[in-house]
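This is what each chain is made of:
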Amino acid sequence: MNNKTVVNTIKTRDLKLGMRFSSPVFFDDGTNMFLAENRPVKQFHLDAIKQWKIQKLVTYGRLIDSNNKGDFTSDSRIDDVDEVEELDGLEELEELQEVDGPQRLDSSFTEPLSGISGCYDEAVSNMKKVFAAAGENPNSVRAVVDSTADTLFRTIRRDSSGFVSFILNKGSSNKYPASAVNIAVLAGAAAFAMDLPDRKIWLIIIAALLHDIYMPSVPQEITNKKGKLTSSEFELLKMHTVRGASYITDTLLLPDDIATAVLQHHEYYGGGGYPEGRSGSNINLAARIISVCDAFEAMISEKPYRNALIGYEAVKSLLGKAGKQFDPEVVSCVVKSTGVYPSGTLVLMSNISVARVIESEEDSFFLPVVKIVAKGHGDIETGTVIKLREQRSVFIVRPLSREEAQKFA
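These numbers come from a predicted model, not from an experiment. (Residues numbered from 1 in each chain as written. Predicted model: local features only at pLDDT ≥ 70, side-chain atom pairs only at ≥ 80, totals over all residues. Heavy atoms only, no water.)

Section: the overall build of the chain
In terms of regular secondary structure, the chain is built from 14 helices and 10 strands. Across the 409 residues in the chain, those meeting the buried criterion constitute 54%. Total accessible area on the chain stands at roughly 18,300 Å², and carbon and sulfur atoms take up 45% of it. (Helix = DSSP H or I, 4+ residues; strand = E, 2+ residues; numbered from the N terminus. Buried < 20%, exposed > 50% of the residue type's maximum accessible area, 1.4 Å probe, protein only. Areas by Shrake-Rupley, 256 points an atom, 1.4 Å probe, with all protein chains shown as cover.)

Here's what the structure looks like:
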């Protein structure tokens, strides 16, 4: 879709019951659909725009109900429509049909695979030991890292989507050991989505576990600084990659590919990163994967200098930086493993209910599995689990902002 597409703007104050449009009607981001093609405006639509203080909508079509003529501001433009709409799945949203209401699914459908929670807790505990012993007891550290990577590899291979959902629902952490495990899971899931060889995936998981092994040595006034770093502060920050790479090869005696990934995980795909200013395929593949996963995990984590983003916003940010900061192919695989609406995202549904995304559906980014957490219009009760891919009586209108989500969390 062209990012300079001419669309019609609809002032919501002019919407009336029964209005129909020749194309789907979207919120003003041009991505999230409000009303399907040739579907009449109903009272709950009007209630929704009033409740959520929505001022305008957009459509690529025209008003087709001659009895209700809305006041369009024609030939308006929406620039920089998000890259999310380029993903497969938008067409499915535009073809919503009314079907029977959703059925309750067995509660076991949403339960994480047995062993995921225990695997995660053990991995975090192990990485606490690794970070505490960095540079002091290499034999002990190497054994713990190998064992942790083995366990994570087997668990991710057994249930990649389940482990990613567990990570996202659990919430990210500012503590380096937990963050290392989170990023290793995300990187491993992305590597499996790329169909890489098992040995390569195992190495990527280890590199992800160790990529920030020397970040705790960087002064907090640098890592927590809001503004631009001075040249001397930046040099100190860059050293964590160099020291980490040296520690991996010289002390832990791990393969060079792991050290290279740790050294290069802050390089930018389009150039301009550090420490060597590499770009494109000159950056180690594992480093490119860790770079994306590290950024995603950081964005959904609370920081001293900013609030965390919701998963949907983090995904949009990744997509917006694809080809610039991040490898587009890697971004695509990370989005495939997390979903456009990552697990845990709260969303406003078309019946004015609020739902939590509990699982992404492979090859159907826009139609995840959701659980109703606040009842809206109709007979869909709180607690109902809906596989949006299998029924179309309700659909996601838009993700809720962090402030809105806090009301329902």
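A short note on the environment of Arg389
Take Arg389: it is sitting in the loop between strand S9 (385-387) and strand S10 (396-399). We classify Arg389 as partly exposed; its relative accessible area is 39%. As for Arg389 and Pro368, which are separated by 21 residues in sequence, their C-alpha atoms are 6.9 Å apart.

Observations regarding the packing of helix H3 (residues 116-133) against helix H5 (residues 160-170)
Their axes nearest at 10 Å, the elements H3 and H5 cross at an angle of 65°. Crossing handedness for the pair H3 and H5: right-handed. For the pair H3 and H5, the contacting residues are Ile116, Ser117, Cys119, Tyr120 and Asp121 in the first and Gly162, Phe163, Phe166, Ile167 and Lys170 in the second. (Axes fitted to C-alpha atoms, helices over the stretch in contact; angles between N-to-C directions. Left-handed = near helix turned anticlockwise from the far one by under 90°. Contact = heavy atoms within 4.5 Å.)

Let's talk about the packing of H5 against helix H6 (residues 176-193)
In a packed pair of helices, the relevant descriptors are the angle between the two axes and the axis-to-axis distance. Direction vectors running N to C along H5 and H6 enclose 150°, while the axes themselves pass 10 Å from each other. As summarised for this structure, H5 and H6 are arranged roughly antiparallel, according to the angle between their axes. Judged by the sense of rotation from one axis to the other, the crossing of H5 with H6 is left-handed. Here Ser160, Phe163, Val164 and Ile167 of H5 lie close against H6, whose contacting residues are Asn182, Val185, Leu186 and Ala189. Among the residues forming the contact of H5 with H6, the class breakdown is 6 nonpolar, 2 polar and no charged. (Parallel < 35°, antiparallel > 145°, perpendicular 65-115°, else oblique. Nonpolar A, V, L, I, M, F, W, Y, C, P; charged D, E, K, R; others polar.)

Concerning the environment of Leu229
Tracing the chain through its elements places Leu229 in the loop between helix H8 (220-223) and helix H9 (231-251). In this view, Leu229 contacts Ile222, Phe234 and Leu237; residues no more than four positions away in its chain are not counted.

Some remarks on the nonpolar core
Membership of the largest hydrophobic core comes to 98 residues, with the highest contact counts inside it found for Leu152, Phe163 and Ile289. Dropping the residues within four chain positions of it, Leu152 is found in contact with Cys119, Ala123, Phe163, Val181, Ala184, Val185, Ile205 and Leu209. Ranked by size, the runner-up nonpolar core spans 20 residues in total, among them Leu35, Leu46, Ile54 and Leu348. (Core = buried A, V, L, I, M, F, W, Y, C linked by side-chain atoms within 4.5 Å.)

Focus: the side chain of Thr384
Checked against the element boundaries, Thr384 lands in the loop between strand S8 (364-374) and S9. In this structure Thr384 comes out as buried when scored by relative accessible area, which is 4%.

Points about unusual backbone geometry
Omega for the peptide link from Tyr274 to Pro275 comes to 10°, which places this bond in the cis form. Tracing the backbone through its elements, the reader meets Pro275 in the loop between helix H10 (256-264) and helix H11 (285-299). With a phi angle near 55°, Leu253 is a residue other than glycine that sits in the positive phi range. Within the fold, Leu253 resides in the loop between H9 and H10. Overall, the relative accessible area of 60% leaves Leu253 in the exposed class.

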